[in-house]
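Examining the three-dimensional arrangement
If you want the building blocks of each chain, they are given just below.
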Amino acid sequence: MAEPSTRPAVVDDAFVMAAHGILAGLVAGGAALGWVEPPDVGEVAELFGRVAAAVADGDGALRAAYDGDRLVGLGYWLRYARPTHRPNADLQKIAVAADVHGRGIGRALTVALVDDARRAGIEVLTLDARGDNHNALHLYQSLDFQVYGRLPRFVAVGERRFDKVLLMLDLRPATS
């Protein structure tokens with residue numbers, strides 16, 4: 001893949017199956033995506049059904065990266081549901097197939113999602129990452145996300161514990 005290309009995703013059976021392959025493979029390899037065990041296809045279909053509904057309502061954005069016809073990465077953000085938090089959104093997943101790591105796909109997805117958030121009028125885009133996910137933390141900080149908190153030993157994976165690092169990107173216009 002020469003240049004990663006991202007576009008808004010269409011959630012259909014092919015997308016769900018390809019997304020399942022990426023997510024299940026990454027989780028099986030120990031990735032920090034919110035599951036301890038690889039999700040089944042039904043879980044992935046349900047997740048992206050909810051994301052697609054939020055996107056249709058203007059409450060989210062879903063991006064996909066392709067190498068030709070092959071889905072190689074995906075990411076999404078969702079607007080907060082609480083009325084007092086509605087101007088803000090949470091970047092909930094960025095996932096790139098293991099065999100194409102290091103090619104700028106995660107960066108391209110994140111940049112596209114930040115641009116989508118700006119266009120949607122999102123004021124603050126938040127995310128969290130597992131403390132041992134150094135590549136992701138480096139990526140987000142290189143895109144001006146700021147760490148605003150850390151919950152020590154918060155994430156449980158069996159007997160192991162990891163910090164949860166909280167980051168935010170302020171998209172509000174600068175005030176003078």
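What counts and how
- Residues numbered from 1 in each chain as written.
- Predicted model: local features only at pLDDT ≥ 70, side-chain atom pairs only at ≥ 80, totals over all residues.
- Heavy atoms only, no water.
- Helix = DSSP H or I, 4+ residues; strand = E, 2+ residues; numbered from the N terminus.
- Rg over C-alpha atoms; globule rule 2.2 N^0.38 Å.
- Buried < 20%, exposed > 50% of the residue type's maximum accessible area, 1.4 Å probe, protein only.
- Contact = heavy atoms within 4.5 Å.
- Areas by Shrake-Rupley, 256 points an atom, 1.4 Å probe, with all protein chains shown as cover.
- Lys, Arg positive; Asp, Glu negative; His and termini not counted.
- Charge placed at Lys NZ, Arg CZ, Asp CG, Glu CD.
- Phe/Tyr/Trp six-rings, centres within 6.5 Å; stacked < 30°, edge-to-face > 60°.
- Pairing = 2+ DSSP bridges.
- Axes fitted to C-alpha atoms, helices over the stretch in contact; angles between N-to-C directions.

1. Examining the overall build of the chain
Across its full length, the chain carries 4 helices and 7 strands. Each helix and strand of the chain, placed in order from N terminus to C terminus, yields the pattern β-α-α-β-β-β-α-β-α-β-β. For 176 residues, the compact-globule estimate of 2.2 N^0.38 gives 16 Å, and the chain sits close to it at 16 Å. For the chain, buried positions account for 44% of its 176 residues. Here the analysis covers contacts within the chain between residues at least 6 apart in sequence; of these, 59% occur between residues at least 24 apart. Total accessible area computed for the chain in this model is approximately 9,400 Å², and 50% of it derives from carbon and sulfur atoms. A gap of 5 Å separates the mean positions of the 19 positive and 22 negative side-chain charges of the chain.

2. Describing the packing of aromatic side chains
Each aromatic ring pair is described using two quantities: the centre-to-centre distance and the angle formed by the ring planes. Per the counting criterion, the structure on display carries 3 aromatic pairs. Between Phe-15 and Phe-48, the aromatic rings sit 5.3 Å apart at their centres with planes inclined by 85°, giving edge-to-face as the arrangement. In this pair, Phe-15 sits in helix H1 (residues 13-28) while Phe-48 sits in helix H2 (residues 41-56), placing the two residues 33 residues apart along the sequence. Among the aromatic residues, those joined into a cluster by ring pairs are Phe-15, Phe-48 and Tyr-76.

3. Overview of the sheet that holds strand E2 (residues 60-67)
Here 7 strands make up an open sheet; going across it, the order is E1-E2-E3-E4-E5-E7-E6 and the pairing mixed. The sheet terminates laterally at strand E1 (5-8) and strand E6 (146-157), the two strands that pair on one side only. Neighbouring strand axes in the sheet, compared pairwise and without regard to direction, differ in orientation by 25° on average. Across the sheet, H1 is in contact with E2, strand E3 (70-79) and strand E4 (89-96); its angle to E3 comes to roughly 90°.

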